[in-house]
Amino acid sequence: QVQLVESGGGLVQPGGSLRLSCAASGFTFSSYAMRWYRQAPGKERELVAAITSASGSTNYADSVKGRFTISRDNAKNMVILQMSSLKPEDTAVYYCNTRLGPPYYSAAWGKDYWGQGTQVTVSS
């Protein structure tokens, strides 16, 4: 079964840093793009960062550019979100995500798979 498990969340002061990890299993990790989303209370879930499978190219939300870095270790089936210069508005539940098609999901356009989320709170 496909499984994504986030870890590393916690309480951090503004300006601090935090590293989130996502452990993936149940699929060929190196073949798929990985993403981090977040959802703050009362707000929609938003894409924070993405990384491709082959080239490792990355994409970030404007709100986190220059502060967050997404990376992956295909040998360990891990995707990392390194967060720096954290702001109170970064407070949210952070989710690991991937979109899988066959053989994991029958439709060619794929299906989103999510981790359970990890809470990040930025506060003094």
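Data block above holds the structure.
These notes cover the structure that comes with them. (Residues numbered from 1 in each chain as written. Predicted model: local features only at pLDDT ≥ 70, side-chain atom pairs only at ≥ 80, totals over all residues. Heavy atoms only, no water.)

### With respect to the overall build of the chain
Thought 1: Counting its regular elements, the chain contains zero helices and 11 strands.
Thought 2: Taken over C-alpha atoms, the radius of gyration comes to 14 Å for the chain, in line with the 14 Å a tight globule of 124 residues would show.
Thought 3: Overall size of the chain, expressed as C-alpha extent along the three principal axes, is 45 × 30 × 25 Å.
Thought 4: Counting every position in the chain, which comprises 124 residues, the buried fraction comes to 40%.
Thought 5: Counting only contacts in the chain whose residues sit at least 6 apart along the sequence, the fraction spanning at least 24 positions is 56%. (Helix = DSSP H or I, 4+ residues; strand = E, 2+ residues; numbered from the N terminus. Rg over C-alpha atoms; globule rule 2.2 N^0.38 Å. Buried < 20%, exposed > 50% of the residue type's maximum accessible area, 1.4 Å probe, protein only. Contact = heavy atoms within 4.5 Å.)

### Re the pattern of salt bridges
Thought 1: Enumeration according to the criterion identifies five salt bridges in this entry.
Thought 2: Between R38 and E46 there is a salt bridge, and its shortest N-O distance comes to 2.8 Å.
Thought 3: We classify E46 as partly exposed; its relative accessible area is 33%.
Thought 4: One salt-bridge network, held together by shared partners, links R38, E46, R67 and D90. (Salt bridge = Lys/Arg side-chain N within 4 Å of Asp/Glu carboxyl O.)

### Quick look at the state of the cysteines
Thought 1: Scanning all chains against the criterion turns up one disulfide.
Thought 2: Across the disulfide from C22 sits C96; the S-S distance is 2.1 Å. One quick way to see it: the torsion about the S-S bond of C22 and C96 is about -85°, and its sign makes the bridge left-handed. Of this pair, C22 sits in strand β3 (residues 18-25) while C96 sits in strand β9 (residues 92-100), placing them 74 residues apart in sequence.
Thought 3: Since its relative accessible area comes to 0%, C22 is described here as buried. (Disulfide = S-S within 2.5 Å.)

### Concerning the packing of aromatic side chains
Thought 1: One pass over the full model with this rule turns up six aromatic pairs.
Thought 2: Here F27 and Y32 contribute two aromatic rings whose centre-to-centre distance is 5.9 Å and whose plane-to-plane angle is 75°, an arrangement assigned as edge-to-face. Like F27, the residue Y32 is buried in the burial classification.
Thought 3: For the pair Y37 and W114, a centre-to-centre distance of 4.9 Å together with 65° between the ring planes defines the contact as edge-to-face. Taken together, the positions of Y37 in strand β4 (residues 34-39) and W114 in strand β10 (residues 111-114) put the pair 77 residues apart, joining distant regions of the chain.
Thought 4: Given the relative accessible area of 19%, Y37 is considered buried.
Thought 5: Through pairs of rings, three or more aromatic residues link up here, namely F27, F29, Y32 and Y104.
Thought 6: Against the face of W114 rests R45, its NZ or CZ located 4.5 Å from the ring centre.
Thought 7: The cationic tip of R72 hangs over the ring face of F29; the distance from NZ or CZ to the ring centre is 4.4 Å. (Phe/Tyr/Trp six-rings, centres within 6.5 Å; stacked < 30°, edge-to-face > 60°. Lys NZ or Arg CZ within 6 Å of the ring centre and 35° of its normal.)

### Focus on the pairing of strand β1 (residues 3-7)
Thought 1: Here β1 shows a buried face lined by L4 and E6 and an unburied face lined by Q3, V5 and S7.
Thought 2: Alignment of β1 against β3, held across five bridges, turns out to be antiparallel. Considered in β3, the bridge of L4 is made with A24. (Pairing = 2+ DSSP bridges.)

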